Amino acid sequence: MHPAPSVIIFTTLSGLGFGLLFFLGLGLPDVSGWIAFTFFFIAYALAVGGLMSSAFHLGHPERALKAFTQWRTSWLSREACFSVAALVVMGVFALGAVFFDAQWRVLGVIGAVLSLITVYTTSMIYTQMKTVPRWNTQLTPLLYLTISLAGGALLAGQESLAPWLLALAGGVQIAWWMRGDGAFAASGTDMASATGLGHGKVRSFEPPHTGTNYLLREFVYVIGRKHALKIRGIALALGYALPILLMVLPLDSIALKHAFAGLAVVSHLGGIAASRWLFFAEAEHVVGLYYGKR
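These notes cover the structure that comes with them.

Moving on: the overall build of the chain. Secondary structure summary: the chain contains twelve helices and zero strands in total. When its helices and strands are written in sequence order, the chain yields α-α-α-α-α-α-α-α-α-α-α-α. Dimensions of the chain, computed from the C-alpha atoms along their principal axes, are close to 70 × 45 × 30 Å. Across the 294 residues of the chain, 45% fall into the buried class. Looking at the chain alone, contacts between residues at least 24 apart form 76% of all its contacts between residues at least 6 apart. Looking at the chain as shown, the accessible area adds up to about 14,700 Å², and 69% of this sits on carbon and sulfur atoms. Computed over 19 positive and 12 negative side-chain charges, the inter-centroid distance for the chain is 10 Å.

Further remarks concern the packing of helix α10 (residues 225-248) against helix α11 (residues 254-281). Closest axis-to-axis distance for the α10/α11 pair is 8 Å, and the angle between their directions is 155°. Comparing the axis directions of α10 and α11 gives the class roughly antiparallel. The handedness of the crossing between α10 and α11 is left-handed. Within the contact between the two elements, α10 uses Ala 228, Ile 231, Arg 232, Ala 235, Leu 238, Gly 239, Tyr 240, Leu 242, Pro 243 and Leu 246 and α11 uses Phe 260, Leu 263, Ala 264, Ser 267, His 268, Gly 271, Ile 272, Ala 274, Ser 275, Trp 277 and Leu 278. In the contact of α10 with α11, the residues fall into 15 nonpolar, five polar and one charged.

This part covers the layout of surface pockets. A probe as big as a water molecule, rolled over the atoms, marks out the empty space that is left. By volume, the second largest pocket amounts to about 280 Å³. Of all the elements in the fold, those that place two or more residues in the lining of the second largest pocket are α5 (139-155), α10 and α11. The leading source of residues in the lining of the second largest pocket is α11, at six residues. Counted by class, the lining of the second largest pocket contains nine nonpolar, three polar and two charged residues.

Our focus in this paragraph is the environment of Leu 145. Following the sequence through the fold, Leu 145 ends up in helix α5. Sequence separation of Leu 145 and Ile 117 is 28 residues, and the distance between their C-alpha atoms is 9.1 Å.

Attention now moves to the nonpolar core. Counting residues in each nonpolar core, the largest one holds 72 residues, and the members touching the most others are Phe 40, Tyr 126 and Trp 135. Examining the composition of this core, we find that ten residues originate from one element, helix α1 (residues 5-25), more than from any other.

We now examine α5. Since one α-helical turn is 3.6 residues long, residues separated by three or four positions face the same way. Helix length check: α5, at 17 residues, gives a terminal C-alpha distance of 24 Å against a target of 24 Å (1.5 Å per residue), a fit within 8%. Counting buried positions along α5 yields 14 of 17 residues, so the element is predominantly enclosed. Trailing α5 by a residue or two, Gly 157 shows a phi angle of about 75°, which is positive.

Here the focus is the packing of aromatic side chains. A full pass over the atoms with the stated rule returns 16 aromatic pairs. Note on Phe 40 and Phe 93: the rings are 6.2 Å apart at their centroids and 65° apart in plane angle, and the pair reads as edge-to-face. Of the two residues, Phe 40 is situated in helix α2 (residues 33-54) and Phe 93 in helix α3 (residues 75-99); the sequence distance between them amounts to 53 residues. No difference in accessibility class separates Phe 40 from Phe 93, as the two residues are buried. For Arg 78, the ring lying beneath its charged end belongs to Trp 75, and the centroid distance is 4.6 Å. Cation over ring: Arg 276 sits above Tyr 144, and NZ or CZ is 4.0 Å from the ring centre.

This part is about the side chain of Thr 118. Structurally, Thr 118 is set in helix α4 (residues 105-127). Assessed through its relative accessible area of 1%, Thr 118 is described here as buried. In this structure Thr 118 touches Phe 18, Glu 79, Phe 82, Ser 83 and Ala 86, once residues within four positions along its chain are discounted.

It is worth spelling out α11 at this point. Over its 28 residues, α11 runs 41 Å from end to end, which matches the ideal 40 Å to within 8%, given 1.5 Å per residue. With a side-chain oxygen positioned 3.4 Å from the backbone nitrogen of Ala 255, the residue opening α11 is Ser 253.

Positionally, Glu 79 belongs in helix α3. The charged side chain of Glu 79 is buried without a salt bridge, its nearest counter-charge being Arg 276 at 10 Å. If we ignore the near neighbours within four places in the chain, the residues touching Glu 79 are Phe 10, Thr 118, Thr 121, Thr 122 and Ile 125.

Rules used throughout
- All residue numbers here refer to positions counted from 1 along the written sequence of the relevant chain.
- A pLDDT threshold of at least 70 governs which residues receive local features in this predicted model, and a stricter bar of 80 or more applies before side-chain atom pairs are shown or counted, although totals over entire chains, interfaces and linings include all residues.
- Only hydrogens and water are set aside when side-chain values are computed; all heavy atoms of the structure are taken into account.
- Here a helix means four or more residues in a row that DSSP labels H or I, a strand means two or more in a row labelled E, and each is numbered from the N terminus.
- Only protein chains enter the accessibility calculation, which uses a 1.4 Å probe; a residue whose area is less than 20% of its type maximum is buried, one above 50% is exposed, and one in between is partly exposed.
- Contacts were defined at the residue level, with two residues in contact if any of their heavy atoms lie within 4.5 Å.
- Residue burial considers only the protein chains on display, and all accessible areas are found by Shrake-Rupley using a 1.4 Å probe.
- Neither His nor the chain termini are counted; the positive set is Lys and Arg, and the negative set is Asp and Glu.
- Charged groups are reduced to one reference atom each: NZ for lysine, CZ for arginine, CG for aspartic acid, CD for glutamic acid.
- In this analysis, axes come from line fits to C-alpha atoms, helices being fitted only over the stretch in contact, and the angle between any two N-to-C directions falls in the range 0 to 180 degrees.
- Our angle categories are set so that under 35 degrees counts as roughly parallel, over 145 as roughly antiparallel, 65 to 115 as roughly perpendicular, and the remainder as oblique.
- By definition, turning the near helix anticlockwise from the far helix through less than a right angle yields a left-handed crossing, and turning it clockwise yields a right-handed one.
- Note on residue classes: Ala, Val, Leu, Ile, Met, Phe, Trp, Tyr, Cys and Pro are nonpolar, Asp, Glu, Lys and Arg are charged, and everything else, Gly too, is polar.
- Think of a 1 Å grid over the protein atoms and nothing else: a 1.4 Å probe that fits but is trapped marks a cavity, an open set flanked by protein within 12 Å on at least five of seven lines marks a pocket, and residues with an atom within 4 Å of a point count as lining.
- Grid points are joined across faces, edges and corners, and a volume is the space filled by probe spheres set on the points.
- Throughout this description, the term nonpolar core refers to a set of buried Ala, Val, Leu, Ile, Met, Phe, Trp, Tyr and Cys residues connected via side-chain atoms within 4.5 Å.
- Multiplying 1.5 Å by the residue count of a helix minus one yields the expected span of that helix.
- Two rings from Phe, Tyr or Trp (for Trp, the six-membered ring) form a pair when their centres are within 6.5 Å of each other. A pair whose planes differ by under 30 degrees is stacked, one over 60 is edge-to-face, and the rest are tilted.
- Geometrically, a charge over a ring is one whose NZ (Lys) or CZ (Arg) sits within 6 Å of the ring centre while staying within 35 degrees of the ring normal.
- For this analysis, a polar contact is any N or O atom pair within 3.5 Å, provided that within protein one partner can donate a hydrogen and the other can accept it, and provided that sequence-adjacent residues contribute only side-chain to side-chain pairs.
- Each reported salt bridge corresponds to a side-chain nitrogen of Lys or Arg within 4 Å of a carboxyl oxygen of Asp or Glu.

What follows is the structure in structure tokens.
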């Protein structure tokens, strides 16, 4: 699949933002006043910024509001509905924490649950696609949820919890890659079934047409395995290993701890962006078989 920058930004930032909203809803950290304002500002900037960037991948961004009308059948529509619900509920919760020094705990828990559901609906947009065997696994929502929780814990300053969640997310990431590498072959789809020419050995004599088209641009992106392995290493190092190391280092200086925590967030963000790029770049759509590209 073509790794569009807008979708990479969307999946990276929104997951991190809703992950932070989850912890804020649970009172982790238990903040109020201007400190609460800062935390909620960061969470909303990430979540809303990510959601807004996804609109740029639409053919007709001006029709984005129609996404809310298909919630019965579309995971994208469900994502839109739950994201708005989570942002509204957490917005009211934030008002209490910032202006009234009040922790409306029930409201916070509801907002936290809605935030996680939003991340889940995002993951299901890809999980449901049987035409992309690498995505079509329950490891995909698990990957999205663990990364969101790990990043949220990191931003929320949960020093004791964040390293464990980062390690868990890293483990799920490795399992997702390992399963995905054999997913296309295991799906049983080949050129014979893709072209409708029956069972047996079918090969491409020549491409269906001489020029490119939308399907080739969007669904037949090819990345060399050597480059994919390098980017995987970068994603693991920056997204998981380095943040864990920075979080567990024994430091006496508070200022140094804060500096290392900030560096851990930046490193994690870069690593997840790399893994999200691979999420799309390595996704093999079965339509590529029709064009003899797989």
